[in-house]
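Chain by chain, the residues:
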Amino acid sequence: NLKIIDCDFSESSFSESKLKSIDFDKVKFMNAEFIMTNLKGIDFSNCDINGIMFDSKSLNGIIINTFQASSIVGMFGVKIKN
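Sequence positions are assigned chain by chain, starting from 1 and proceeding in written order. The predicted origin of the model limits local features to residues at a pLDDT of at least 70 and limits the giving and counting of side-chain atom pairs to 80 or more, whereas totals for whole chains, interfaces and linings rest on all residues. Hydrogen atoms and water are omitted, and side-chain values are computed over all heavy atoms in the structure.

1. Points about the overall build of the protein chain
Okay, so step 1: From N to C terminus, the protein chain includes 2 helices and 5 strands.
Okay, so step 2: Its helices and strands in sequence order give the protein chain the pattern β-β-β-β-β-α-α, from N to C terminus.
Okay, so step 3: Considering only C-alpha atoms, the protein chain reaches an extent of 40 × 25 × 20 Å along its principal axes.
Okay, so step 4: Among the 82 residues that make up the protein chain, the fraction classed as buried is 32%. A helix here means a DSSP run of H or I that spans at least four residues, while a strand means a run of E at least two residues long, and both kinds are numbered starting from the N terminus. Note on exposure labels: buried denotes an accessible area under 20% of the residue type's maximum, exposed denotes more than 50%, and partly exposed covers the range between, all computed with a 1.4 Å probe on protein chains only.

Right under this line is the structure:
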């Protein structure tokens, strides 16, 4: 088990990584990318994910908050109307 608190992973790249039993708390992932990385059950809800990039496989099962959802959905070309 690993807990990462108040760290900056901006501009980082995770490719074919295996992340299990990891807890991110207030971590910055600005403009980071996750490619072919299993993130099922990983909680990003209190992290800064502005500009983050996921492939569809990595996105499956992640945990985000409602504010983050609009930017994630936008990655797929979906527009949200208020």
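2. A word on the pattern of salt bridges
Okay, so step 1: Definition used for salt bridges: Asp or Glu carboxyl oxygen within 4 Å of a side-chain nitrogen of Lys or Arg. Enumeration according to the criterion identifies 1 salt bridge in this entry.
Okay, so step 2: K3 serves as the salt-bridge partner of D23, at 3.5 Å between the closest nitrogen and oxygen. Residue D23 is found in strand β3 (residues 22-25), and its partner K3 is found in strand β1 (residues 2-5); the two are separated by 20 residues along the sequence.

3. What to know about the packing of aromatic side chains
Okay, so step 1: Only the six-membered ring of Trp is used, alongside the rings of Phe and Tyr, when aromatic pairs are assigned; centres must lie within 6.5 Å, and planes under 30 degrees apart are stacked while those over 60 apart are edge-to-face, with the rest tilted. Inspection of every chain in the model, using the stated rule, returns 11 aromatic pairs.
Okay, so step 2: Here the aromatic rings of F9 and F14 are separated by 6.0 Å at their centres, their planes lie at 70 degrees, and the arrangement is edge-to-face.
Okay, so step 3: On the basis of relative accessibility, which here comes to 26%, the residue F9 falls in the partly exposed class.
Okay, so step 4: A residue is classified by how much of its surface remains accessible, and F14, at 15% relative accessible area, is buried.
Okay, so step 5: Summarising the aromatic geometry, the rings of F9 and F29 are spaced 5.8 Å apart at their centres and angled 15 degrees between planes, so their arrangement reads as stacked. With a gap of 20 residues between them, F9 in the loop between β1 and β2 (13-15) and F29 in the loop between β3 and β4 (33-35) connect regions that are remote in the sequence.
Okay, so step 6: Grouped by ring-pair contacts, the aromatic residues F9, F14, F24, F29, F34, F44 and F54 constitute a single cluster.

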